[in-house]
There are 2 protein chains.
Amino acid sequence: MAKINIAVDAMGGDNAPAAAVSGSIAALDGREGFTVTLVGREYSIHNELVRMKQGSDHLKTGRLVIRHASEVISTGEIPTTAIKEKKNSSMVVALRLVKEGTAQAVVSAGSTGALLTGGLLVIGRIKGILRPALGVMVPTVGGFGYTLLIDAGANMDCRPAYLAQFARLGAVYMESLFNNPFPRIGLVNVGAETEKGNQLVKETFPILEKSGLNFTGNLESRDLALDGADVAVCDGFVGNILLKHTEGMAKALFSSIKKELKKGIVTKAGAILSRKAFTNIKTSFDASEVGGAPFLGLSGLVVKAHGNAGKRAVMNAILKSVTYVENDAQARLMKYFAEHDGEFKE
Amino acid sequence: MAKINIAVDAMGGDNAPAAAVSGSIAALDGREGFTVTLVGREYSIHNELVRMKQGSDHLKTGRLVIRHASEVISTGEIPTTAIKEKKNSSMVVALRLVKEGTAQAVVSAGSTGALLTGGLLVIGRIKGILRPALGVMVPTVGGFGYTLLIDAGANMDCRPAYLAQFARLGAVYMESLFNNPFPRIGLVNVGAETEKGNQLVKETFPILEKSGLNFTGNLESRDLALDGADVAVCDGFVGNILLKHTEGMAKALFSSIKKELKKGIVTKAGAILSRKAFTNIKTSFDASEVGGAPFLGLSGLVVKAHGNAGKRAVMNAILKSVTYVENDAQARLMKYFAEHDGEFKE
């Protein structure tokens, strides 16, 4: 097994550098078999390690390496400009480590736009990939507890061939993460029947049928949160709308519950007694807990952690990346698209 | 004020004819100023009235009229065939009452496909309307408690001009129902910023800006359930996906809550004490309670009640239709599109 090294952008996100630093340490403490390169302002990272009183063991053994990068890309910046001009930003340097082969994956809680652009410009696509896509784990009731929604927002206007590729990217990702050789692939649609949907999904359906994947047909959006598939394929506009609606619905429901529970003495008492249950559910429906959204289809794994990711989320994102690399998912994707080059037309 | 008569398809839906009959009586009991024509098999309707021991007063005063129709369109039938061949079905006869001017609105819990097709074929569009659209009230936290999502599934592939018309149809509907002269119109999108979205919404944005409506810009789907707008405009594919995801999310969340609450003795006690609160929330998030989805843009109001609509839902659908007719919403729509004919291009 080749060495596994994960590059972590220490300066991205609302909780930088604390979340990246503590998340990296937690991941290194959690399991063996990989190293982390923390990329960012050396003094900030060191100060954080000193403050935490942790990490010196990992620095000594070489499992933790600090790579200085003087600049920071902030969320307000125009992605293309930021990536092109800030060559010494923590994000660009981290991406470059993957490009050079020094790292196999990047984890960043920085600007989504910059990370997607940077992934494309610095790392580049797998040969044969038309459009890389963002996958997001959405919480479900039942099954593995999560469905990978892909594309969750990288490509607003799509063609059938893109969706067919998203299905393959998602399948290999879920396969490697859950050790499930035949993840169920669903095509997000308004109904289960074959003839349903808009032009895009109608044209995508027969391509997926012939794909050799475990295509289970149309996934009615009603079943997305109910474990209707392991991979839910859609264009990035629909995916992002679904993702944000999931957040909004959870927020709306919990806020109604809170309001209702405050209404009477009896329900108030009920609320106090059931507090722990609510905390558990809230946590399981909180996307930030899942640990990052993989940007798939590049010549290396790029994982976007939530902007407000904390230690736990960064740790999860790192550990998932390690599993992905360990299971050779990237190599399988490259092999597949090399063998099927020309099959997917714009 | 002209006479208001609502045609109710007595034979449509899972609970026919009981729900239609009892819902009609409840609506007539609830307020004055309108009549109901129950359309369907005369003996079935009569038997139901006898069983209920109600309605004889309304039959005597002429507020309730029974119109015999021998055939029934069931949910499995191909819409176009059913509408064309079953001229004596309760649905077609009810639609014909609107076409002839004997009724101003139809309420049916029958097959959605047949009702949309029937509305188009039997009643026909308002002059100038490119595509009629299905509006659905989705529950929100705050505001009026509902946002009209339009199109919720009638048109899978849309053009900017269709969406611009949906906005107008939705605005007039909400205006008439909530007596709110300036309903907030939001364009369903992946972000609030102007430049966000797919080609369709990007092209629709400037049309809505010039529309004279109270266009409040892009409505991030996160805010749909949080009272982000009074009318949420989108194509029918996205709308239907959002609608069904709303149902799925509510189901998933309630099922997790139930599971969590059963875990320990303390939370179990909490569950019992807070039972009433949950029932309230479940009801408020249950679309079937809202009372029907208006199919807008036809030369008469067609309201689709949920397939499993009960008495309360049918009653609500009838009363909403009465309000719509009373407030001359239909006439305002016809006037607007007559004056702006040619402005909306395919």
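Residues numbered from 1 in each chain as written. Chains lettered and ligands numbered in written order. Predicted model: local features only at pLDDT ≥ 70, side-chain atom pairs only at ≥ 80, totals over all residues. Heavy atoms only, no water.

1. A look at the pairing of strand β5 (residues 133-139) of chain A
If a strand is regular, its side chains alternate between the two faces of the sheet.
Residue and element names in this part refer to chain A.
Item 1. Across the seven residues of β5, seven count as buried, placing the element largely inside the fold.
Item 2. Side chains of β5 alternate between two faces, with Ala133, Gly135, Met137 and Pro139 and Leu134, Val136 and Val138 buried alike.
Item 3. Inspection of the sheet shows β5 paired to strand β10 (residues 293-296) by two bridges, in the antiparallel sense. Its bridge partner lying in β10, alanine 133 is registered against leucine 296.
Item 4. By the bridge criterion, five bridges tie β5 to strand β6 (residues 146-150) in an arrangement that is antiparallel. Paired with valine 136 across the two strands is leucine 149, which belongs to β6.
Item 5. Following β5, the chain reverses through six residues before pairing antiparallel with β6; glycine 142 in that reversal takes a positive phi of roughly 95°. (Buried < 20%, exposed > 50% of the residue type's maximum accessible area, 1.4 Å probe, protein only. Helix = DSSP H or I, 4+ residues; strand = E, 2+ residues; numbered from the N terminus. Pairing = 2+ DSSP bridges.)

2. Examining the packing of helix α7 (residues 160-178) of chain B against helix α8 (residues 199-209) of chain B
Residue and element names in this part refer to chain B.
Item 1. One way to put it is that α7 packs onto α8 with a least axis distance of 9 Å and a crossing angle of 50°. By the angle between their axes, α7 is oblique relative to α8. Where α7 crosses over α8, the handedness of that crossing is right-handed. Contacts from Pro160, Leu163, Ala164 and Ala167 in α7 reach Leu200, Glu203, Thr204, Ile207 and Leu208 in α8. (Axes fitted to C-alpha atoms, helices over the stretch in contact; angles between N-to-C directions. Parallel < 35°, antiparallel > 145°, perpendicular 65-115°, else oblique. Left-handed = near helix turned anticlockwise from the far one by under 90°. Contact = heavy atoms within 4.5 Å.)

3. Side note on helix α7 (residues 160-178) of chain A
All names here are of chain A.
Item 1. Its 19 residues give α7 an end-to-end C-alpha distance of 27 Å, which sits within 8% of 27 Å, the value for a rise of 1.5 Å per residue.
Item 2. The element α7 is largely enclosed, with a buried count of 17 among its 19 residues.
Item 3. Positive phi appears at asparagine 179, one or two residues downstream of α7, with a value of about 55°. (Expected span 1.5 Å × (residues − 1).)

4. What to know about empty space enclosed by the protein
Item 1. Under the defined criterion, the tally for this structure stands at five cavities of 30 Å³ or more.
Item 2. Computed from the structure, the largest cavity encloses a volume of approximately 70 Å³.
Item 3. Contributing to the lining of the largest cavity are 16 residues, with Asp9(B), Gly12(B), Ala20(B), Ala109(B) and Val314(B) lying nearest its centre.
Item 4. Residue assignment for the lining of the largest cavity shows that the elements contributing at least two residues are β1 (5-9), α1 (18-30) and β4 (105-108) of chain B.
Item 5. Residue composition of the lining of the largest cavity, by class: nine nonpolar, five polar and two charged.
Item 6. Of the volumes computed, that of the second largest cavity is approximately 50 Å³.
Item 7. Contributing to the lining of the second largest cavity are Val8(A), Asp9(A), Gly12(A), Ala19(A), Ala20(A), Val107(A), Ser108(A), Ala109(A), Ala305(A) and Val314(A).
Item 8. For the lining of the second largest cavity, the elements supplying multiple residues, two or more each, are β1 (5-9), α1 (18-30) and β4 (105-108) of chain A.
Item 9. Residues that form the lining of the second largest cavity fall into these classes: seven nonpolar, two polar and one charged. (1 Å grid on protein atoms, 1.4 Å probe; cavity = no way out; pocket = protein on both sides within 12 Å on 5 of 7 lines; lining within 4 Å. Points joined across faces, edges and corners; volume = space filled by probe spheres on them. Nonpolar A, V, L, I, M, F, W, Y, C, P; charged D, E, K, R; others polar.)

5. Regarding the interface of chain A and chain B
Item 1. Facing the 48 residues of chain A at the interface are 48 residues of chain B.
Item 2. Interface area, chain A with chain B, both sides summed: about 4,600 Å², of which 74% is carbon and sulfur.
Item 3. In terms of surface lost to chain B, no three residues of chain A exceed Val190(A), Phe237(A) and His245(A), which account for 13% of the buried area on that side.
Item 4. The closest approach of N and O atoms between Glu220(A) and Lys244(B), which form a salt bridge, is 3.3 Å.
Item 5. Counting the contacts that link chain A with chain B gives 12 residue pairs in polar contact (both at pLDDT 80 or more).
Item 6. Taken together, the elements giving at least two residues each to the side of chain A that touches chain B come down to β7 (185-189), α8 (199-209), α9 (236-261), α10 (265-273) and α11 (275-284) of chain A.
Item 7. Examining the composition of the side of chain A that touches chain B, we find that 21 residues originate from one element, α9(A), more than from any other.
Item 8. Split into classes, the residues belonging to the side of chain A that touches chain B amount to 26 nonpolar, 15 polar and seven charged. (Buried area = accessible area lost by both parts, 1.4 Å probe. Salt bridge = Lys/Arg side-chain N within 4 Å of Asp/Glu carboxyl O. Polar contact = N/O pair within 3.5 Å; in protein donor to acceptor, adjacent residues only side chain to side chain.)

6. Remarks on the relation of the copies chain A and chain B
Item 1. Least-squares fitting of chain A to chain B yields an RMSD of 0.0 Å, with the superposition described by an axial translation of 0.0 Å and a rotation of 180°. Both copies of the chain, as the preceding transformation shows, are related through a two-fold rotation axis. (Least-squares fit on C-alpha atoms with pLDDT ≥ 70 in both.)

7. Remarks on the nonpolar core
Item 1. Among the nonpolar cores identified, the biggest contains 226 residues, and Ile318(A) and Ile318(B) are the most heavily contacted of them.
Item 2. Excluding residues that lie within four positions of it along the chain, Ile318(A) makes contacts with Ile6(A), Val8(A), Gly23(A), Ser24(A), Ala27(A), Phe34(A), Val36(A) and Val107(A).
Item 3. Grouped together as the second largest cluster of nonpolar side chains are 20 residues, Phe254(A), Leu261(A), Met249(B) and Ala250(B) included. (Core = buried A, V, L, I, M, F, W, Y, C linked by side-chain atoms within 4.5 Å.)

8. What about the packing of aromatic side chains?
Residue and element names in this part refer to chain A.
Item 1. Scanning the entire structure with this criterion turns up eight aromatic pairs over all chains.
Item 2. Centre to centre, the rings of tyrosine 173 and tyrosine 324 are 5.7 Å apart; their planes meet at 40°, and the pair counts as tilted. One end of the pair, tyrosine 173, is in helix α7; the other, tyrosine 324, is in helix α12 (residues 311-326), and 151 residues separate them in sequence. As far as the burial class goes, tyrosine 173 and tyrosine 324 line up, both buried.
Item 3. The interplanar angle of 85° and the centroid separation of 5.1 Å between the aromatic rings of tyrosine 336 and phenylalanine 337 together place this pair among those described as edge-to-face.
Item 4. The exposure class assigned to tyrosine 336 is buried, which follows from its relative accessible area of 14%.
Item 5. Linked through ring pairs, Tyr336, Phe337 and Phe344 together constitute an aromatic cluster.
Item 6. A cation over a ring is seen here: arginine 63 above phenylalanine 34, with NZ or CZ 5.2 Å from the ring centre. (Phe/Tyr/Trp six-rings, centres within 6.5 Å; stacked < 30°, edge-to-face > 60°. Lys NZ or Arg CZ within 6 Å of the ring centre and 35° of its normal.)

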